[in-house]
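Below, each chain spelled out in residue letters.
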Amino acid sequence: MSQRTLAVCSWSMRPADAGQLVERVTQSGVTAVQLALVPLVDAPKVWGESVTRLRDAGIRIESGMFALSLVTFHAGFIPHDAGDPLRACMLDRLRVVTDLFAAEGVDVAFETGQETAECLLDALRELDRARAGVNFDPANMLLYGAGDPLHGFRLLKPWVRQVHAKDAQPSGQMDVWGRETPVGAGAVPWTAFMQEVRSLPPSVAVVIEREGGERRVQEVASAKAFLQPML
């Protein structure tokens, strides 16, 4: 049976160049990355060797932003009201984007959090595109106050193409941003959540993401140690 991939977002390492990216990912103990590809285009002298260096170091590129098999992004606060004209406009644009990537054999996955799971589920059904799915981030559900991440995951499971491993504490107040934490220190119910993740196909990677804090490498390493037994 294939083993599920545990990866890390390259930007969570805050590297200054391709060499430092490889160094920090290696230090974390993770062997796969979700690679931010815009820097490769914007600063090729700094990042142009990223793919070669990662491969030479035995680090797998699990997903990226342009010419790989999966592109992830926020759809962007989809209105809940089915009659809202802005919703229809957004869905039309998402169809165009999805179809452009599909023509190149690339799937898209909308990241969770900026709308409830119910809203995103309805939008995916209305979008009606086989190449469109979900990059499920349980922490974003808490940070945005978009609902219970375990309930949301169960609703969206058939559409999940990738999982972000990130943790957070909700604010407990409407319209007040929560607080991101290291994995295992927040309110994500990891044992139950990873049990759900294990029922997904092995091709669905779990990608560690850390957007706050000053101890990125250590916290990614801790997240790997925390999550690996649950895979």
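Residues numbered from 1 in each chain as written. Predicted model: local features only at pLDDT ≥ 70, side-chain atom pairs only at ≥ 80, totals over all residues. Heavy atoms only, no water.

## Some thoughts on the overall build of the protein
Of the regular secondary structure elements, the protein holds 10 helices and 10 strands. Its C-alpha radius of gyration of 17 Å places the protein within 12% of the 17 Å reference for a compact globule of 231 residues. Taken along the three principal axes of its C-alpha coordinates, the protein extends 50 × 40 × 40 Å. Considering only contacts within the protein whose residues lie at least 6 apart along the sequence, 74% involve residues at least 24 apart. About 10,900 Å² of surface is accessible on the protein, with carbon and sulfur atoms providing 53% of the total. Distance between charge centroids for the protein: 5 Å, based on 23 positive and 28 negative side chains. (Helix = DSSP H or I, 4+ residues; strand = E, 2+ residues; numbered from the N terminus. Rg over C-alpha atoms; globule rule 2.2 N^0.38 Å. Contact = heavy atoms within 4.5 Å. Areas by Shrake-Rupley, 256 points an atom, 1.4 Å probe, with all protein chains shown as cover. Lys, Arg positive; Asp, Glu negative; His and termini not counted. Charge placed at Lys NZ, Arg CZ, Asp CG, Glu CD.)

## Observations concerning helix 10 (residues 216–227)
The end-to-end C-alpha distance of helix 10 is 16 Å, a good match for the 16 Å that 12 residues give at a rise of 1.5 Å each. Buried residues of helix 10: Arg216, Val217, Glu219, Val220, Ala223 and Leu227, and no others. Seen along its axis, helix 10 keeps its buried residues to an arc of 165°; they face one direction. Lining the buried residues of helix 10 we find strand 1 (6–9), helix 1 (18–28), strand 7 (160–165), helix 9 (190–197) and strand 10 (205–208). (Expected span 1.5 Å × (residues − 1). Buried < 20%, exposed > 50% of the residue type's maximum accessible area, 1.4 Å probe, protein only. Arc of directions from axis to C-beta.)

## Let's talk about the nonpolar core
In this structure, Phe110, Val163, Trp190, Phe193 and Ile208 are the most contacted members of the largest nonpolar core, which totals 59 residues. Looking at this core, the element that brings in the most residues is helix 6 (residues 117–127), giving 7 residues. Residues Ala7, Ala32, Ala205 and Val207 belong to the second largest nonpolar core, which totals 5 residues. (Core = buried A, V, L, I, M, F, W, Y, C linked by side-chain atoms within 4.5 Å.)

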